[in-house]
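# Secondary and tertiary structure notes
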2 protein chains.
Amino acid sequence: MLRQTKKERQRLLSETIAENPFVTDEQLATQFQVSVQTIRLDRMELAIPELRERIKDVASKTYENEVKSLPIDEVIGEIVDIELDNRALSIFDVKEEHVFQRNGIARGHHLFAQANSLAVAVIDDELALTVHSNITFVKPVRAGDRVITKAIVVGRDDENHRTKVELTSTVNGETVFVGEFDMYRTKGKGEQQ
Amino acid sequence: MLRQTKKERQRLLSETIAENPFVTDEQLATQFQVSVQTIRLDRMELAIPELRERIKDVASKTYENEVKSLPIDEVIGEIVDIELDNRALSIFDVKEEHVFQRNGIARGHHLFAQANSLAVAVIDDELALTVHSNITFVKPVRAGDRVITKAIVVGRDDENHRTKVELTSTVNGETVFVGEFDMYRTKGKGEQQ
DNA sequence: GTTGTTATTAGCACTTGGTACTAATATCAG
DNA sequence: CTGATATTAGTACCAAGTGCTAATAACAAC
């Protein structure tokens, strides 16, 4: 072969373009010391679109995201059972939009959101805020999984307006997430910040 | 004047392009019922670049803050500065949809999401997952607040694929959130490419 | 009405970064 | 040496423009 095998060049070409989609065929031709036509043949074989299309793709991806801001709304997960100041249960179906594209594992903050929502909901008070929490992601959760989260109120200190809630999330009976939440509540004694 | 004053058309033109930078002069000409040349004169007077430049701008904005371990679109808040495996900074503007209607205080999981996203992003690895975290909501955050979150990688244990990241969020210089995140990463020592 | 000014439209050459296609040449393997 | 594969060259064409000149059109003022 010449300077480099075709295969090797195409491998590097893919990488180069992935790293910097803004590169033109001409620049690539110079870089790999081949003709522009060769680069074009390579792109065709590798099904890599032309510069403008690549840029457009990058741009439209950003644009979609800027518009939608955040998909987390009111309560994450559906509360199916609740006994105020005692315990609560919610269900959250993990979908494609909740997972990392790269590895299909649910982003931690969605599991946290479900737990946090439930911790807030279980407090029988007008105002409940999370003050502190200690959480562990035990096992990866994937799209299609149904996460069942259980909140149990384990302690209450009205002196300091605090309530402690323990959260456990499971998928098919297996624990995937555990957390301890310290919640602030107004009721009990007076003021608020 | 004709159908519309020049001023009014140019005002709408700016708006239209701001809303959708992907529109061509021809489409604009049809929309405003004028010739393509008029649109071009308008763009020139308003100093609005051509379609391709606009798209390139949008694309490069995202690409500037390129993150190896994670496409930027999966991050809550905008990453404004990053030094992989060292530190990162993101900005998140709290809006009405992020707060409790009842008291106007931001829901904890939004702050967590920003912190968690940033903790994932700062890891220079293909796969980064939150394993454990200990967080404290120091002070309530409200709609309109601009939350600046800083992530600092404080420790790394490649034996166990773990990296510890410290997160601090501030609003107007005041700390509102702190957290310690234990992250899992695939690549251990010497496995960097 | 005629004149002046601004606004609009038309047309042409040229640019970038390509596609699509054909044809020639180079390189290597058996 | 021959055939397959790889590479290069060259042409016509496209989108979405820029830059330029020139012709109209619309309206306002005198």
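Summary of the structure given here. (Residues numbered from 1 in each chain as written. Chains lettered and ligands numbered in written order. Predicted model: local features only at pLDDT ≥ 70, side-chain atom pairs only at ≥ 80, totals over all residues. Heavy atoms only, no water.)

On to a nonpolar patch on the surface. On the surface, Ile79, Ile82 and Leu84 of chain A cluster together to form a nonpolar patch covering roughly 220 Å² of accessible area. Residue placement: Leu84 of chain A occurs in the loop between strand E1 (78-83) and strand E2 (87-93). (Patch = residues over 30% accessible without salt bridge, like charges linked within 9 Å, V, L, I, M, F, W, Y side chains within 5 Å. Areas by Shrake-Rupley, 256 points an atom, 1.4 Å probe, with all protein chains shown as cover. Salt bridge = Lys/Arg side-chain N within 4 Å of Asp/Glu carboxyl O. Helix = DSSP H or I, 4+ residues; strand = E, 2+ residues; numbered from the N terminus.)

With that out of the way, let us pick up the pairing of strand E6 (residues 174-185) of chain A. Residue and element names in this part refer to chain A. Across nine bridges, strand E3 (residues 128-137) lies against E6 in antiparallel orientation. For Thr130, the partnering residue across the bridge sits in E6 and is Met183. Pairing geometry for strand E5 (residues 162-171) and E6, over 10 bridges, is antiparallel. Across the sheet, Arg162 pairs through a bridge with Tyr184, a residue of E6. Between E5 and E6, which pair antiparallel one after the other, the connecting turn spans two residues, and Asn172 there sits at a positive phi close to 50 degrees. (Pairing = 2+ DSSP bridges.)

Turning our attention to the interface of chain B and chain A. The partner chain A presents 46 residues to the 50 residues of chain B that form the contact. Summed over both partners, the interface of chain B with chain A comes to about 4100 Å²; 59% of that surface belongs to carbon and sulfur atoms. Joining chain B to chain A, the criterion identifies zero salt bridges. The interface formed by chain B and chain A contains 12 residue pairs in polar contact (both at pLDDT 80 or more). Contributing elements (two or more residues each) for the side of chain B that touches chain A: helix H1 (6-19), helix H4 (51-64), helix H5 (108-122) and strand E3 (128-137) of chain B. Partitioned by chemical class, the residues of the side of chain B that touches chain A number 23 nonpolar, 17 polar and 10 charged. (Contact = heavy atoms within 4.5 Å. Buried area = accessible area lost by both parts, 1.4 Å probe. Polar contact = N/O pair within 3.5 Å; in protein donor to acceptor, adjacent residues only side chain to side chain. Nonpolar A, V, L, I, M, F, W, Y, C, P; charged D, E, K, R; others polar.)

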